[in-house]
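Next come the chains, spelled out residue by residue.
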Amino acid sequence: MPGDVGDAAGRPSAGQLAPLRIESTPSLVADRIRMGIFDGTFPPDGQLNEVELARSLGVSRGPIREAFQRLIQDGLLRSERNRGVFVVALDADSVQDVYFVRSVIETAAALRLAKSQDAAAISGLEQIVSAIGRSVDGEWSELVAIDLEFHRSLVAASSSPRLIRTFEPMYAETRMLLAHMEIHYERRADLVDEHQAIVEAIQAGDRKLIDRLVHGHMSDSVAKLVR
Amino acid sequence: MTGTASPGDPLGPLRAQSTPALIADLLRAEVLAGTFPPHSQLSEAHLARQLQVSRGPVREAMQRLIQEGLLRSERNRGVFVVALGHDDARDVYLARGIIEGAAAAIVARQVPPAAMLRLQRLLHRLAASAGGPWTEVITHDLAFHQALVDAAASVRLSRMFRTLVAETRLCLLRLEPFYRDGTEVVAEHRGILDALESGRPAKAERLVRLHMDAAAARLAVPERVPLSD
């Protein structure tokens, strides 16, 4: 519902200033910690120090505590009574679970896209596949980021706000996982083919093939994970 | 995590549950009970004063309910109670069909004895509550679905389901006119349980999806169930 400070897109009416788009301090702090977990600054099982973080980020301890709560909800941190807050280390069962749930969500999303044949979404996926192709010889962390962008876009194409919302923690956990492990590909170019095949199955509207490819892509990833 | 006092700590832990979690529980109950009606604004400062806590935990609790879809934040305006529209209701049941359909397929493949007993017990309770107060029927209905998802033993599937429970409750509150005596509700759940017990994954998944589609279709009849004002 539009407010009285401009229209729904946040554009100001004449003579008014554009509304400030400032994220709350806790969510900014949570983003910084999340990035630190993704890039390996905060390793699995590592303890996070509230006082130190407050000092280095130049904020008070309240927002740090709130950010911790958020990341605990997301499954990236865990709190141990009387000991403190630690980065979660995903064990083998959790890794299986992440990929299982991802295959459930992403298969459903791909099937919806196969039905809607949303041209913009499909061409977006094709562009990401090309980008994966360009970065197969580059840094692993970059490849991970682009690869996961494919999966995020696929879920976004479901245009189901709730599927998109529930996918976010899986996305975060996968990034955390791949910050410390690599998926071993004999040929990294296979990665391009796997994603390309999924896009083609969506275009062809082949429901059985979509199901098989998405599940295969996920179980294959788990099997090839190496530390 | 747990509420037990540790040794050398005679007073017990100060917070058995975190303050934000307690506040979130409280606010959720109020929203579901209708104390805070759709579109009403929640004031962080006001709530903090009322509950005699600082604003941080109130903000955090609101954040959780935003994630659960019960509140929404409007930039520069504040936090409001959602008014679920028809699209929302359809989306809730779509997401549940996907999550619970996947869970049902796993359960039908494994047929775990303890979980099956639990589901039977919950179905009995649901049947016994049929015809009584609608809010009780809803509680038993949701308990059955929670148990179904938990039986799949996927931590993340269960977590996803939990983020949809509150919204489902809001939807179910509006379904009463369609289930006057509750026998239909019981029959649909009975069908799902039969498919699980007989170890038929494809059928179980299909029945779960149909169950969700049926609920979404009933909610989509605009002139009889005004979802939001």
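> Please clarify how the pairing of strand β2 (residues 71-74) of chain B should be interpreted in this entry.
Along any regular strand, the residues point their side chains to alternate faces of the sheet. Residues and elements named next belong to chain B. Strand direction decides the pairing type here: β2 and strand β3 (residues 78-81), joined by four bridges, are antiparallel. What sits directly across from E74, in β3, is G78. The antiparallel hairpin formed by β2 and β3 contains three residues in its connecting segment, where N76 sits at a positive phi of about 65°.

> Sorry, what's going on with the domain arrangement of chain A here?
Quoted interface sizes are often the accessible area lost when the parts come together. Residues and elements named next belong to chain A. Each domain of chain A was delimited in the assignment, giving domain 1 (25-87) and domain 2 (92-226). On a C-alpha basis, the centres of domain 1 and domain 2 stand 28 Å from each other. The interface of domain 1 with domain 2 comprises nine residues on the first partner and seven residues on the second. Here the side of domain 1 that touches domain 2 is composed, by residue class, of four nonpolar, two polar and three charged.

> Looking at this structure, how should I read helix α5 (residues 113-129) of chain B?
A turn of α-helix holds 3.6 residues, and therefore any two residues three or four places apart point the same way. All names here are of chain B. In a regular helix each residue adds 1.5 Å, so 17 residues correspond to 24 Å; α5 covers 25 Å between its end C-alpha atoms and thus fits that length. Listed as buried for α5 are L119, L122, L126 and S129. One face of α5 carries all of its buried residues, which in axial projection span an arc of 85°. Exposed residues pointing more than 90 degrees away from the buried face of α5 are listed as P113, L117, Q120, H124 and A128. Elements in contact with the buried residues of α5: α6 (134-151) and α8 (183-197). Phi turns positive one or two residues past the end of α5, at G131, with a value near 90°.

> Looking at this model, I keep getting lost on the environment of L71 of chain A. Mind explaining?
Residues and elements named next belong to chain A. Mapped onto the elements, L71 comes out in helix α3 (residues 61-73). Separated by 39 residues in the primary sequence, L71 and A110 place their C-alpha atoms 28 Å from one another. Leave out the neighbours within four places in its chain, and L71 touches A30, I33, R34, L76 and L77.

> How should the nonpolar core be read in this particular structure?
In globular proteins that are soluble, nonpolar side chains generally tend to be buried together. Residue and element names in this part refer to chain B. Core analysis: the biggest nonpolar cluster contains 106 residues, and A103 and A104 have the highest contact counts within it. Of the residues forming this core, the biggest block, 14 residues, is contributed by helix α4 (residues 86-110). If near-sequence neighbours (up to four positions away) are discounted, A103 is found in contact with L148, V149, A152 and L157.

> Explain the sheet that holds strand β1 (residues 47-48) of chain A to me, please; I cannot follow it from the model alone.
In any sheet, the strands associate via hydrogen bonds between backbone groups, in a parallel or an antiparallel arrangement. All names here are of chain A. Pairing within the open sheet is antiparallel, and its three strands lie in the order β1-β3-β2. Both outer strands of the open sheet, β1 and β2 (77-80), are each paired with one neighbouring strand and no more. Direction of pairing for β1 relative to strand β3 (residues 84-87): antiparallel, over a ladder of two bridges. Counterpart to Q47 in the pairing with β3 is F86.

> How should the interface of chain B and chain A be read in this particular structure?
Chain B puts 27 residues into the contact, and the matching count from chain A is 25 residues. Those elements that provide at least two residues to the side of chain B that touches chain A are α3 (55-67), α4 and α7 (155-173) of chain B. Taken together, the residues of the side of chain B that touches chain A sort by class into twelve nonpolar, seven polar and eight charged.

> Would you mind showing me how to read helix α9 (residues 207-223) of chain A here?
Residues and elements named next belong to chain A. For α9, built from 17 residues, the straight-helix expectation of 24 Å at 1.5 Å per residue is met to within 8% by its first-to-last C-alpha distance of 24 Å. Within α9 the residues assigned to the buried category are I210, L213, V214, H217, M218 and S221. Along the axis of α9, the buried residues cluster in a sector spanning 120°; they form a single face. Exposed side of α9, more than 90 degrees from the buried face: K208 and A223 are the residues found there.

> Could you clarify how one ought to interpret unusual backbone geometry in this entry?
Excluding glycine, a negative phi dihedral is what most residues carry, and trans is how most peptide bonds are arranged. The phi torsion at N82 of chain A lies on the positive side, around 65°, for a residue other than glycine. If you trace the backbone, N82 of chain A turns up in the loop between β2 and β3. Using a count of 8 C-beta atoms within 10 Å as the deciding quantity, one classes N82 of chain A as exposed. The backbone phi angle of V111 of chain B is positive, close to 40°, even though this residue is not glycine. Within the element layout of this structure, V111 of chain B appears in the loop between α4 and α5. Residue classification places V111 of chain B among the partly exposed residues on the basis of 13 C-beta atoms within 10 Å.

Conventions used here
Residues numbered from 1 in each chain as written. Chains lettered and ligands numbered in written order. Predicted model: local features only at pLDDT ≥ 70, side-chain atom pairs only at ≥ 80, totals over all residues. Pairing = 2+ DSSP bridges. Helix = DSSP H or I, 4+ residues; strand = E, 2+ residues; numbered from the N terminus. Domains from an automatic or database assignment. Contact = placed C-beta atoms within 7 Å. Nonpolar A, V, L, I, M, F, W, Y, C, P; charged D, E, K, R; others polar. Expected span 1.5 Å × (residues − 1). Buried ≥ 20, exposed ≤ 12 C-beta atoms within 10 Å, placed from the backbone. Arc of directions from axis to C-beta. Core = buried A, V, L, I, M, F, W, Y, C linked by C-beta atoms within 7 Å.

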